Every structure is written in C-alpha cells, then in structure tokens.
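Observations on chain architecture
What follows is the residue order along each chain.
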Amino acid sequence: MDLVDLITEKRFLGQEFLTWLWFKSEERGGAIALPHGDIQVVFEQHMLLEYGEGDAHQQVICQGQQSELKEAKTGLTTGKKLEQARIRLARDEHEWRLSLTGGLMEYRNVRPPKTMAAGEDSDEAAREGRILDRIGLLEIMVRTGDELFRLFLNIRLSTAWDAEKDRIRGWITGR
Amino acid sequence: MGLLSTSTHFVRYAVEGELPADFWNFAAEHIAHAAFRDIDDNYEERSVGWVSVDNMFDSAFAGASFAIADYLVLALRIDERKVAPSVLKKFCLKEEEKIKKEHEIPRLSRRQRVEIKENVRLALLKKSLPTAAVYDLCWNLAQGSLFFFSTNTKVHEVLESLFKETFGLHLVMQIPFLAATHLLNEMEQQQLADLRPDIFI
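Residues numbered from 1 in each chain as written. Chains lettered and ligands numbered in written order. Predicted model: local features only at pLDDT ≥ 70, side-chain atom pairs only at ≥ 80, totals over all residues.

Points about the overall build of chain B
Of regular secondary structure, chain B possesses six helices and seven strands. For chain B, the N- to C-terminal ordering of α and β elements is β-α-β-β-β-α-α-β-β-α-β-α-α. For a compact globule of 201 residues, the expected C-alpha radius of gyration is about 17 Å, and chain B comes in at 23 Å, more than 25% above that figure. Structurally, chain B occupies a C-alpha span of about 75 × 55 × 35 Å along its principal axes. Across the 201 residues of chain B, 23% fall into the buried class. Counted over contacts in chain B with a minimum sequence separation of 6, partners at least 24 positions apart contribute 67%. (Helix = DSSP H or I, 4+ residues; strand = E, 2+ residues; numbered from the N terminus. Rg over C-alpha atoms; globule rule 2.2 N^0.38 Å. Buried ≥ 20, exposed ≤ 12 C-beta atoms within 10 Å, placed from the backbone. Contact = placed C-beta atoms within 7 Å.)

Below is the structure:
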C-alpha cells in the first residue's frame, strides 16, 4: 500500500489516539502515568473536529474556555473525529505547548521551554549549544508523544480495549 | 518558523537506507554539490538547494557547519520567480489586442493565445524578483530520524526529492500508522494492520 492510501485508510488511528489522550488527560486531572513517572497532559482551548469524506468532508473549530470544550465532546457523540488539539505537556521541569494533528501526526505551533542556552552569543560553541539544546527539547517532546502513543496502542490492540471504550463513552456522554 | 524559532511546525521522517562509509566526508561533498545557487542575477525561474540553518546566504558551510554532534542540521532554500495570475491575464489580453489590431483580425486561434501566454509569462518572469523560502531540518544520524520544519505537502515533495538526490537515501513521513510500526513487535504489527476504525458513540 503506498503512502497516500495508507494516510487515507489509517487516518483513524491518530484521531482515535487524540480522543483517547483527551480522555486519559481528564481521567486523573491531567496526570498520565508513564513508566518513569507521571507527566501532565492538558487539552487547551482549541480543537478541530472533522466529519464526512471526499466532497462532503468538513471541519469544525471548537475554542474557548474549558466549559466550551463540551461542544467538542458533543461533536464526538455525533460521529465527528478529533483531528487537531492544542496541548500543554509537562515532563520533569519542562513544559511545551503544541498542536498535534491526528491524521498525519504533525507538530504545529510548538513552543518549547525557554532555556539558558537561548542567548545572543555568536561563537561556534554557543551556536552548537543553542541548536543541540533545541533539538534535545524537541526530541524529549516527541519521545513523550511516542510513549503516550505506545500506551494507547497497548490498550487498543488488547482485549482491554472494549472496557476502555466503555469508559471513553461514559466520559463523552457525562455518565 | 524553523528549528530555532520561538514557535515552530514540524513533521517527522524516517531515513531509510544505509549511511555511506566515511559519512561526514561523503555528506560534505554531496551537500556542496546540491548547495543553493543564487538566481538574483540571472533569469532562472526557480532554484532549490541547501543553506546553513542559521544563515540563508551561507551555502559554503565553512568548517562543516552542518555537522553538530551526531546530527546533520541544514536548511532547504527555495527561490522562485512568480507572476500573479491577475497580472499575467492583464498583459496577455493587452498583447492579444495589440496583435489583433496589427493584423486586422477579429480573433486569435487557441494556439496563438497559448503562445502569447507563454511569451508574456517569460517576459514578466524576467522582470520579477525571486522570493526566498527557507525550511530547516535536523537529522538524527544514530536513530535514522529527521525533523523537517514545514507542514506544507508541496515543500515535503521538494525535500524528499533533494534529499534522495543528495544522500541517496529515502525519506518516509512518519504518519501515525508508520510511527506505530516502529513501536510494536512483529505480532502487534500484524494486529495493527488488521485494525479497523472504532466508534465512541
């Protein structure tokens, strides 16, 4: 299967991951347990949902305070898919803000933590330090995303998925 | 919005294929070959090549500035001359009117109009200045993964082509399904391949 077909046929995987991650982040007030310890994942005030395919494909933006994200949850009950979410991610002493897309797993509007290395020094060592520092922070963010994705896949590919899906349904409908 | 910007966009790629022996010398030679070449002083329509990640006017990479620890850090620069469709339309109509008047003919054939359009487009391109766009990348050589700082699919195509031309290696964008296969064992990968969408309602 070529990449274009894979993108179309497997688009649901990233969208289901985003929905599960939103549920997981609210389950324990933003804390999610990873093997090395808890991290914080908070869904912020901007979400993009989509529905329909081909010519009937449409997108809906939901934004505002936490209470207004109810509109996005309502969208899920009508079969809309979560395609993009604004997320605050905190791990150890660092915090990132990013928008993650479901279909292609693009990282958009990423704001990495400010660090000591972000100075104006122009010598080569300082330049390399700044670049390595930035790469390191982006790699930690992506690695954390992969760990969360792995957590989702563990459940999604196991018999535990049916029970998890019931919990997600309960969370969406507020029961 | 690049690697060092306060706010940035990026996608992930996997780099497929074996790194050549003596990689850094290979890279220096091939990056120099595919380095960006300026078109400000000629009439070329488009130029694509590599520049330094922190200076779009540096395509010499003194001291192998693209080599940073175990990463290769570069920027893709695309310069293009463009003619706005409305400007092209206006000057095509003007030229068509002029020719009809000169030859005292009521209308032009399709072939004539196509020819006029191409000639006018080339003439206008020569008058326009090239715009520049720069997109950073960082390649983790140990892990065979690459961040590319654009989410524009047309730019992705340019990157994939120039990267193949420069390094002889394929880039495969890590959409969720492909990213997942790197995280799973063989049995789980088969389960993933068979997975169908679920509904939460």
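Brief notes about the nonpolar core
Note on soluble globular proteins: their nonpolar side chains tend to be buried together. Judged by nonpolar contacts, the single largest core of 70 residues is most densely connected at B:Leu137 and B:Phe148. Non-local contacts of B:Phe148, meaning those with residues more than four positions away in its chain, are made with B:Phe10, B:Val11, B:Tyr13, B:Tyr135, B:Leu137 and B:Leu159. (Core = buried A, V, L, I, M, F, W, Y, C linked by C-beta atoms within 7 Å.)

A few points about the interface of chain B and chain A
Taken together, the 33 residues of chain B in the interface contact 39 residues of chain A. If you list the elements that add at least two residues to the side of chain B that touches chain A, you get strand E1 (8-16), strand E4 (71-80), helix H5 (176-183) and helix H6 (186-194) of chain B.

A short note on the pairing of strand E6 (residues 145-148) of chain B
Working note: regular strand, side chains alternate between the two faces of the sheet. Residue and element names in this part refer to chain B. As paired elements, E1 and E6 share four bridges and run antiparallel to each other. The residue of E6 that forms the bridge with Arg12 is Phe147. The sheet contact formed by strand E5 (residues 131-140) and E6 spans four bridges and is antiparallel. Of the residues in E6, the one forming a bridge with Cys138 is Phe147. Where E5 hands over to E6, the hairpin turn is made up of four residues, of which Gly144 adopts a positive phi near 65°. (Pairing = 2+ DSSP bridges.)

Focus on the confidence of the model for chain B
Residue and element names in this part refer to chain B. When pLDDT is averaged along chain B, the result is 94, and 100% of the positions lie at 70 or above. Put simply, helix H3 (residues 110-127) is where chain B has its lowest mean pLDDT, 93, and E6 is where it has its highest, 98. With a pTM of 0.90, the predicted complex shows an ipTM of 0.91. (pLDDT = per-residue confidence, 0-100.)

Points about unusual backbone geometry
All names here are of chain B. Despite not being glycine, Asp22 shows a phi value in the positive range, around 50°. Relative to the helices and strands, Asp22 is located in the loop between E1 and helix H1 (23-33). A positive phi is found at Phe61, a non-glycine position, where the angle reads about 50°. Turning to its location among the elements, Phe61 is positioned in the loop between strand E2 (46-51) and strand E3 (67-68).

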